[in-house]
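Inside the fold
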Amino acid sequence: RRILSSANPFYACSTTGRRVCGVGSPHVGRRWIWPLSLVVQGWTAVASRNATEICEVLDALVLSSAGTGLLHESFDPNDPAHFTRSWFAMVNSLFGDLIVKTSREMPDVLAHPDVACNKEKIF
């Protein structure tokens, strides 16, 4: 959990609007989040069977798309419409893998309208 904390200089959280946190890199600068880091966090949440964390990660990924329907290289957590690369194939492909993995290993997280992920209508 050290990576997902303020102990990591490239861990960032929004300070306005909906809460979203994640890891960035020196490549994009501090206070920017890589959706790729959120996908990796999602895989870990599936492996640990943590439905709440899976939903939080999926919500953050959808939010990070800024309504474009695509994931980007990085985004500003305070303004997801401010992002790098309008389309980043690797993270979009890995997001698909996260959805498939979740549907196979924890289908209830995605399948039922009364499950936490769907209460926010993120899909």
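Please refer to the structure higher up on the page.
Residues numbered from 1 in each chain as written. Predicted model: local features only at pLDDT ≥ 70, side-chain atom pairs only at ≥ 80, totals over all residues. Heavy atoms only, no water.

**Description of helix α2 (residues 51-64)**
Because each turn of an α-helix spans 3.6 residues, side chains separated by three or four positions end up pointing in the same direction. So the rule is basically this: The helix and strand labels rest on DSSP assignments: H or I over at least four residues marks a helix, E over at least two residues marks a strand, and numbering proceeds from the N terminus. What a helix should span is 1.5 Å times the count of its residues minus one. For every residue, the accessible area (1.4 Å probe, protein chains only) is compared with the maximum for its type, and the residue is labelled buried under 20%, exposed over 50%, or partly exposed between those bounds. A 3.5 Å cut-off defines polar contacts: any pair of N or O atoms within that distance qualifies, except that in protein one atom must be a possible hydrogen donor and the other a possible acceptor, and neighbouring residues in sequence count only when both atoms are side-chain atoms.
Taking 1.5 Å per residue, 14 residues should reach 20 Å; α2 reaches 20 Å between its end C-alpha atoms and fits that length. Looking at α2, one finds that the buried residues are Glu53, Ile54, Cys55, Val57, Leu58, Asp59, Ala60, Leu61 and Ser64. The N-cap of α2, judged by a side-chain oxygen 3.3 Å from the amide nitrogen of Thr52 a few residues on, is Asn50. Within two residues after α2, Ala66 carries a phi angle of roughly 55°, on the positive side.

**A short note on the packing of helix α1 (residues 35-47) against α2**
For the record, the criterion: The axes are straight lines fitted to the C-alpha atoms, using for helices just the contacting stretch, and the angles between their N-to-C directions are given from 0 to 180°. Each angle gets one of four labels, with under 35 degrees taken as roughly parallel, over 145 as roughly antiparallel, 65 to 115 as roughly perpendicular, and the rest as oblique. Here is the rule for handedness: rotate from the far helix to the near one, and if that takes an anticlockwise turn smaller than a right angle the crossing is left-handed, while a clockwise turn gives right-handed. By definition in these notes, contact holds between two residues if any of their heavy atoms fall within 4.5 Å.
At a closest axis distance of 9 Å, the pairing of α1 and α2 adopts a crossing angle of 160°. In terms of orientation, α1 lies roughly antiparallel with respect to α2. Crossing of α1 over α2 shows left-handed handedness. Counted together, Pro35, Leu38, Val39, Gln41, Gly42, Ala45 and Val46 of α1 and Glu53, Ile54, Val57, Ala60, Leu61 and Ser64 of α2 form the full contact between these two elements.

**So, the side chain of Thr102**
Relative to the helices and strands, Thr102 resides in helix α3 (residues 89-105). Judged by its relative accessible area of 0%, Thr102 falls in the buried class. For Thr102, the residues in contact, after removing those within four places along its chain, are Val46, Ile54, Pro107, Val109 and Leu110.

**Topic: the environment of Cys21**
Relative to the elements of secondary structure, Cys21 occurs in strand β2 (residues 21-23). In this structure the C-alpha to C-alpha distance between Cys21 and Trp32, which are eleven residues apart in sequence, comes to 9.4 Å. When residues no more than four places from it in sequence are discounted, the contact partners of Cys21 are Tyr11, Ala12, Cys13, Ile33 and Leu38.

**Describing the pairing of strand β4 (residues 79-84)**
Just so we agree on the cut-off: Any two strands are treated as partners once DSSP identifies two or more bridges connecting them.
By the bridge criterion, three bridges tie strand β3 (residues 74-76) to β4 in an arrangement that is antiparallel. Looking across to β4, one finds that Asp76 is bridged to Asp79. Hairpin remark: β3 followed by β4, antiparallel, with two residues in the connecting loop.

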